[in-house]
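# Structure assessment
Take a look at the letters that make up each chain.
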Amino acid sequence: HLSNQLISFIMVLKYSTQLLPALLALQLILSFSQHASADDIVDDDDDDGSWKQINEEEDEIGYIQSLIVNTPAVASVESSYQYIEVYDSDHFGKVFVLDDCLQLTEKDAPHYNEMLAHVPVMEYLARRSNDDDLKEPMKVLVVGGGDGYVVSELLKYPQIGSIDHVELDEEVINVSKKYLPWGDAWKDERVNLVIGDGAAFVKEQAEEGRSYHVIVQDASDPFWLDKDGGVTTLPSSVLYDTSHFESLYKLLRPKEGVLMFQAETYNIPSNLESIRKWRNLLQDLGFATPRYGSISISTYPTGQIGFFAAHARGDKEEEKFCESDDACDGDSGSSVILDKMDTLPEMNWNEILAQFNELGGKTLYYHPRIHRSSFDLPLWVEEYLYGNGAGI
């Protein structure tokens, strides 16, 4: 671009009355040419090949964030479903990536995974603290979460007698076993690993009349919006449809079972709409006070992700189920937005504290106070989810 710079310099000389302003103008032009263009700034690779950027883009809100990882990758495996990579990074430790999408980092993985594991188990134990049925070992189902972190956290509870872990992609398990620090989780005799379709497993178990005390669904995003508003439905969408949630409800112990699942960020409009729809759906299915909780996590888009915690209630034969995929989509007469914000169900927080103090292993993010406060949301989010729903 030197010729363009000289032309600009000549034009400056032509219309300048003094030499000094012209020289300053040339210096400014040359200085600008030395800076990287926008394309250079988002370039994925360093010139010397020692690092690359993992970019997370949200076209819907014009948002992008990047994480620098060291190259080459520690592991690169192509499975029947996706491309699996593990990188090292200077600050975040191991970085787990699927199809170029960041799944977790070693440093802040506790934020998300500890909440998904401990919130439902603690709530189950607290609400059943005076019940003789607690002598029965707990049965837990984990759908997804092939990295194994949720399973490793659940194993800290001696009250849990068995964990059925269902993961579609066996290669995700194999890579996690070899490269992630909690990869020994599946060696525990209480863990039953099932390689298969999570939605199909849940439906089959429900039809056979099986039941679980706690179900944790650690699924990836069900959809994605591009900058033109087009919706791309992703494979995990089957884990968020009405029939699947109905099967999950049937799988929970009546009056006591707890469901926990990943529920996106409230900072993206389409996600927030889905959060409200899922809450209405859970209510229609018979869950008691489904609550959206928030997690702070720096490497996920916008630095925030959420979950739903919902308790079963009543006897199954008395509960109402949606008769079709449209029955609980938020438009039916039974799906009415509450006029006031939900409150936590009766919860024995002293019991939760006691259980936390007896936990068989340390946590890095979870503790009883952050558990309780996670359901306190920004006012505009609470008003949209629990109020009149006007605006996003």
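Everything quoted here is computed from the prediction, not taken from an experiment. (Residues numbered from 1 in each chain as written. Predicted model: local features only at pLDDT ≥ 70, side-chain atom pairs only at ≥ 80, totals over all residues. Heavy atoms only, no water.)

Extensive coverage of strand β9 (residues 214-218) is indicated by the burial of five of its five residues. Here strand β6 (residues 138-144) runs beside β9; their pairing, made up of five bridges, is parallel. Looking across to β9, one finds that Val143 is bridged to Gln217. The sheet contact formed by β9 and strand β12 (residues 258-262) spans four bridges and is parallel. The partner of Ile215 across the bridge, within β12, is Leu259. (Buried < 20%, exposed > 50% of the residue type's maximum accessible area, 1.4 Å probe, protein only. Helix = DSSP H or I, 4+ residues; strand = E, 2+ residues; numbered from the N terminus. Pairing = 2+ DSSP bridges.)

Before going further, it helps to examine the confidence of the model for the protein. In the predicted model, the protein carries a mean pLDDT of 84, and the fraction of residues at 70 or more is 77%. Predicted confidence is poor over residues 9-17, with pLDDT under 50, and the contacts of this stretch with residues over four places away or in other chains come to seven contacts. This model gives residues 316-342 a pLDDT under 50, and the stretch forms 61 contacts once residues within four places in sequence are excluded. (pLDDT = per-residue confidence, 0-100. Contact = heavy atoms within 4.5 Å.)

Pairing within the open sheet is antiparallel, and its five strands lie in the order β1-β2-β3-β4-β5. At either margin of the open sheet sits one strand with a lone partner, and together these are β1 (51-58) and β5 (101-105). Each neighbouring strand pair of the sheet contributes to a mean axis angle of 45°, computed without reference to strand direction. Here six bridges tie strand β3 (residues 83-89) to strand β4 (residues 93-98), and the two strands are oriented antiparallel to one another. Of the residues in β4, the one forming a bridge with Asp88 is Lys94. (Axes fitted to C-alpha atoms, helices over the stretch in contact; angles between N-to-C directions.)

Phe96, Leu154, Ile163 and Phe307 are the most contacted members of the largest nonpolar core, which has 61 residues in total. Among the elements that take part in this core, helix α4 (residues 109-127) stands out by supplying eleven residues, more than any other. In this structure, Phe201, Ala219, Tyr249 and Leu272 belong to the second largest nonpolar core, which totals 37 residues. (Core = buried A, V, L, I, M, F, W, Y, C linked by side-chain atoms within 4.5 Å.)

Bringing the pairing of β12 into the picture now. Remember that side chains alternate between the two faces of the sheet whenever the strand is regular. For β12, the tally of buried residues reaches five of five residues, placing the bulk of the element in the interior. Residues Val258, Met260 and Gln262 line one face of β12 and the alternating positions Leu259 and Phe261 line the opposite face, and both faces are buried. For β12 and strand β14 (residues 304-311), the ladder comprises five bridges, and the chain directions are antiparallel. Bridging across to β14, Val258 finds its partner in His311.

What follows covers the sheet that holds β9. An order of β8-β7-β6-β9-β12-β14-β13 is seen for the seven strands of this open sheet, with the pairing classed as mixed. The sheet is open, and its two borders are formed by β8 (191-195) and β13 (288-296), each paired with just one other strand. Strand-to-strand twist across the sheet, computed as the mean angle between neighbouring axes with direction ignored, equals 15°. Where β13 lies against β14, seven bridges are found, and the strand directions are antiparallel. Bridge pairing in β14 links Ile295 to Ile305. Packing against the sheet, helix α7 (residues 198-207) makes contact with β6, β7 (160-167) and β8, and its axis sits at approximately 145° to β6.

This paragraph deals with the packing of α7 against helix α8 (residues 242-251). In helix packing, the relevant descriptors are the interaxial angle and the interaxial distance, both defined with respect to the helix axes. Remark: α7 packs on α8, axes separated minimally by 9 Å, with the N-to-C direction vectors making an angle of 45°. When the axis of α7 is compared with that of α8, the two are oblique. Judged by the sense of rotation from one axis to the other, the crossing of α7 with α8 is left-handed. Mapping the contact onto sequence places Gly198, Ala199, Val202, Lys203, Gln205 and Ala206 in α7 and His244, Ser247, Leu248, Lys250 and Leu251 in α8. Tallied by class, residues from the contact of α7 with α8 come to five nonpolar, four polar and two charged. (Parallel < 35°, antiparallel > 145°, perpendicular 65-115°, else oblique. Left-handed = near helix turned anticlockwise from the far one by under 90°. Nonpolar A, V, L, I, M, F, W, Y, C, P; charged D, E, K, R; others polar.)

What follows deals with helix α12 (residues 379-386). Looking at α12, one finds that the buried residues are Val381, Glu382, Tyr384, Leu385 and Tyr386. Take α12 and look down its axis: the buried residues cluster within an arc of 165°, on one side only. Those residues of α12 that are buried lie in contact with α9 (269-285) and β13. (Arc of directions from axis to C-beta.)

Time to look at the environment of Ser274. Checked against the element boundaries, Ser274 lands in helix α9. Residue class for Ser274 comes out buried when judged on its relative accessible area of 13%. A sequence separation of eleven residues divides Ser274 from Ala263, and the C-alpha atoms of the two residues are 8.4 Å apart.

Counted according to the given criterion, the structure contains nine salt bridges. The shortest N-O distance in the salt bridge between Asp184 and Lys187 comes to 3.4 Å. Residue classification places Lys187 among the exposed residues on the basis of a relative accessible area of 68%. Between Glu208 and Arg210 there is a salt bridge; the shortest N-O distance is 3.2 Å. (Salt bridge = Lys/Arg side-chain N within 4 Å of Asp/Glu carboxyl O.)

Taken as a whole and assessed by the stated rule, the structure comprises 14 aromatic pairs. Where Phe307 meets Phe375, the ring centres are 5.7 Å apart and the plane angle is 75°; that geometry is what we call edge-to-face. In this pair, Phe307 sits in strand β14 while Phe375 sits in the loop between α11 (368-373) and α12, placing the two residues 68 residues apart along the sequence. An identical accessibility class is assigned to Phe307 and Phe375; each is buried. By way of ring pairs, the aromatic residues Tyr240, Phe245, Phe261, Tyr266, Trp278, Tyr292, Phe308 and Trp380 are connected into one cluster. The lysine or arginine in question, Arg291, covers the ring of Phe375, its NZ or CZ lying 4.5 Å from the ring centre. (Phe/Tyr/Trp six-rings, centres within 6.5 Å; stacked < 30°, edge-to-face > 60°. Lys NZ or Arg CZ within 6 Å of the ring centre and 35° of its normal.)

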